[in-house]
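Here is how the chains run, residue by residue.
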Amino acid sequence: MLLAVNLLLAALPASAHLVSTGLGPVYDGVSHFTLTPEQILPIVTLALLAGLRGPAHARRVLFLLPPAWLAGYLAAIASSPALPPLVPASALLLAGVLLATDAKFSPTVAVGVAVAFGLALGAAYETSTDNGGLLSAMGACACLFVLLALLSAVSLPLRAHAAIIAVRVSGSWTAALGLLMVGWWVRGHA
Amino acid sequence: MSLVQPTIAEAHILGGEAVGFMSGIKHPVSGWDHIIAMVSVGLWGAQLSMPATWLLPLTFPLVMAVGGFLGIIGVPLPGTEIGIALSGVLLGTVVLFEWRPPLYWAAALVGVFGLYHGHAHGAELPPGEDALLYSLGFVIGTGALHLTGIGIGLIHRWLWGRRLLRLAGGCVCAMGLSYLWTGLR
């Protein structure tokens, strides 16, 4: 009897990685995504860049990045080795550099960049969760789509020089953050 | 038996991450040698007017992150403390005399000092913090100091403001000399 009571009182494993909202896996995915800065920051940066580049670029990114993200997630499930944290850190660095330099792409390159970031971030998301499942990933993907749409819509109409500069400075800060993250990773593996 | 079985303390469920972010924000403002240099970058940028106003604060965090990267991975940079003290002296001097070099010279000067400041921060990063939130706080803290300098520098449009800025540059230079003296002893 004492043993049974003791087992009931014993500590349960902490579910730190997948936030449980009690509203089902889709909302768990939404809440996990919104509480994961490693995912949000590159998406915010790419959305601002997409808006700066104009409506055609923003549309491509909006409709290509989320499916690529989901594909990256599924590919990471299918492959056994976990993605190293260097990947999201490098994505952050690269996205920040692109925004800080206000990089101008041809439409083809824009498609390639959106797909590459989507695949990398989707795979990184899978690595950061504890078996959240496809529904959870779809919730996160829907959240990503909304975030992309809203933030690219914010930067799209920007014409004032000071406003564009402010966005580019945020890109330089993001790049600095990404570089520091890469440093942390290198130190952890030295 | 239950008493001796440790459970997971959840009173501070986000404690590590929150500490990481706040530590990161506080780190750039933890020493006056860093504060005066970073605010001076904003002051000088405001004195030089566009595009230096945004180019210098854009350059500094990026180069500082390179220094931070080198510090984090353990690459030594000789004379870091001297370099930081010299940044106060020279940045204070350029604000004092309202020096107007070509833009690339200004960016290079700021960049070199950014490397020293970043390296010092990177080498001092505490282990066990949340890396992303710490770095995020660190970058925001640094950027906030530049914005403070730019904000103060807006008084440059008035004559009394220009004089006040130059006086501030002189004070920064004097403080830098004091740090340099301490560093050389």
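These numbers come from a predicted model, not from an experiment.

Quick notes on the rules
Residues numbered from 1 in each chain as written. Chains lettered and ligands numbered in written order. Predicted model: local features only at pLDDT ≥ 70, side-chain atom pairs only at ≥ 80, totals over all residues. Heavy atoms only, no water. Helix = DSSP H or I, 4+ residues; strand = E, 2+ residues; numbered from the N terminus. Buried < 20%, exposed > 50% of the residue type's maximum accessible area, 1.4 Å probe, protein only. Contact = heavy atoms within 4.5 Å. Areas by Shrake-Rupley, 256 points an atom, 1.4 Å probe, with all protein chains shown as cover. Salt bridge = Lys/Arg side-chain N within 4 Å of Asp/Glu carboxyl O. Core = buried A, V, L, I, M, F, W, Y, C linked by side-chain atoms within 4.5 Å. Expected span 1.5 Å × (residues − 1). 1 Å grid on protein atoms, 1.4 Å probe; cavity = no way out; pocket = protein on both sides within 12 Å on 5 of 7 lines; lining within 4 Å. Points joined across faces, edges and corners; volume = space filled by probe spheres on them. Nonpolar A, V, L, I, M, F, W, Y, C, P; charged D, E, K, R; others polar. Phe/Tyr/Trp six-rings, centres within 6.5 Å; stacked < 30°, edge-to-face > 60°.

Visitor: Help me understand the overall build of chain B, please; the structure alone is not making it clear to me.
Guide: Assigned secondary structure in chain B consists of 7 helices and 0 strands. Starting at the N terminus and ending at the C terminus, chain B contains elements arranged as α-α-α-α-α-α-α. A total of 185 residues make up chain B; the buried ones form 50% of that total. Counting only contacts in chain B whose residues sit at least 6 apart along the sequence, the fraction spanning at least 24 positions is 87%. Carbon and sulfur atoms make up 73% of the accessible area of chain B, which totals about 9000 Å².

Visitor: So what exactly am I meant to see when it comes to the overall build of chain A here?
Guide: Each helix and strand in chain A was counted, giving 8 helices and 0 strands. Burial statistics for chain A: of 190 residues in total, 45% are counted as buried. A separation of at least 24 residues holds for 84% of the contacts in chain A among residues at least 6 apart in sequence. Carbon and sulfur atoms make up 74% of the accessible area of chain A, which amounts to about 9000 Å² in all.

Visitor: Mind showing me how you'd approach the pattern of salt bridges here?
Guide: When the charged atoms of two side chains lie near each other, side chains of opposite charge can form a pair. All names here are of chain A. In this structure the tally under the stated criterion is 3 salt bridges over all chains. Across the pair Asp 102 and Lys 104 runs a salt bridge whose closest N-O atoms are separated by 3.7 Å. Exposure remark for Asp 102: the relative accessible area of 12% places this residue in the buried category. A single network of salt bridges, built from pairs that share partners, joins Arg 53, Asp 102 and Lys 104.

Visitor: I keep staring at the nonpolar core and nothing clicks. Help me out?
Guide: One broad trend across soluble globular proteins is that nonpolar side chains are buried collectively. Formed by 45 residues in total, the largest nonpolar core has its most connected members in Leu 177 of chain A together with Trp 44, Leu 56, Leu 91, Val 110 and Val 139 of chain B. Sorting the residues of this core by element identifies helix H5 (86-100) and helix H8 (161-188) of chain A together with helix H2 (32-48), helix H3 (52-72), helix H4 (80-96), helix H5 (103-123) and helix H6 (131-153) of chain B as the ones contributing at least two each. Broken down by element, this core gets its largest block of residues, 10 residues, from H8 of chain A. Those residues in contact with Leu 177 of chain A that lie beyond four places of it in its chain are Leu 41 and Leu 92 of chain A together with Leu 132, Ser 135, Leu 136 and Val 139 of chain B.

Visitor: Just checking my understanding: could you explain helix H7 (residues 159-184) of chain B for this structure?
Guide: Residue pairs three or four apart in sequence face the same way in an α-helix, which turns once every 3.6 residues. Here H7 of chain B contains 26 residues, and its C-alpha end-to-end distance of 37 Å stays within 8% of the 38 Å for a straight helix at 1.5 Å per residue. Turning to H7 of chain B, its buried residues are Gly 161, Leu 165, Gly 169, Val 172, Cys 173, Gly 176 and Leu 180 of chain B.

Visitor: Help me out: how do you make sense of the layout of surface pockets in this one?
Guide: Rolled over the atoms, a probe with the dimensions of a water molecule shows which regions are left empty. Here the second largest pocket is characterised by a volume of approximately 240 Å³. Taken together, 14 residues form the lining of the second largest pocket, with Ile 165 and Val 169 of chain A together with Trp 54, Leu 147 and Ile 150 of chain B sitting closest to its centre. Where the lining of the second largest pocket is concerned, the elements lending two or more residues are H8 of chain A together with H3 and H6 of chain B. Ranked by residues supplied to the lining of the second largest pocket, first place goes to H8 of chain A with 6 residues. Its residues assigned to classes, the lining of the second largest pocket comprises 10 nonpolar, 4 polar and no charged.

Visitor: Sorry if this is basic, but what is going on with the packing of aromatic side chains here?
Guide: In this description, a pair of aromatic rings is defined by centroid distance and the angle of the planes. Residues and elements named next belong to chain B. Evaluation of the coordinates by the stated rule reveals 4 aromatic pairs over all chains. Taking the centre distance of 6.4 Å and the plane angle of 10 degrees together, the rings of Trp 44 and Trp 99 count as stacked. You can see Trp 44 sitting in helix H2 and its partner Trp 99 sitting in the loop between H4 and H5, a full 55 residues away along the chain. Relative accessible area serves as the criterion here: at 0%, Trp 44 is assigned to the buried category. Overall, Trp 99 belongs to the partly exposed group, its relative accessible area being 45%. Considering the side-chain rings of Trp 158 and Trp 160, the 5.7 Å spacing of their centres and the 5 degrees angle between planes classify their relative orientation as stacked. Residue Trp 158 is classed as partly exposed on the basis of its relative accessible area of 42%.

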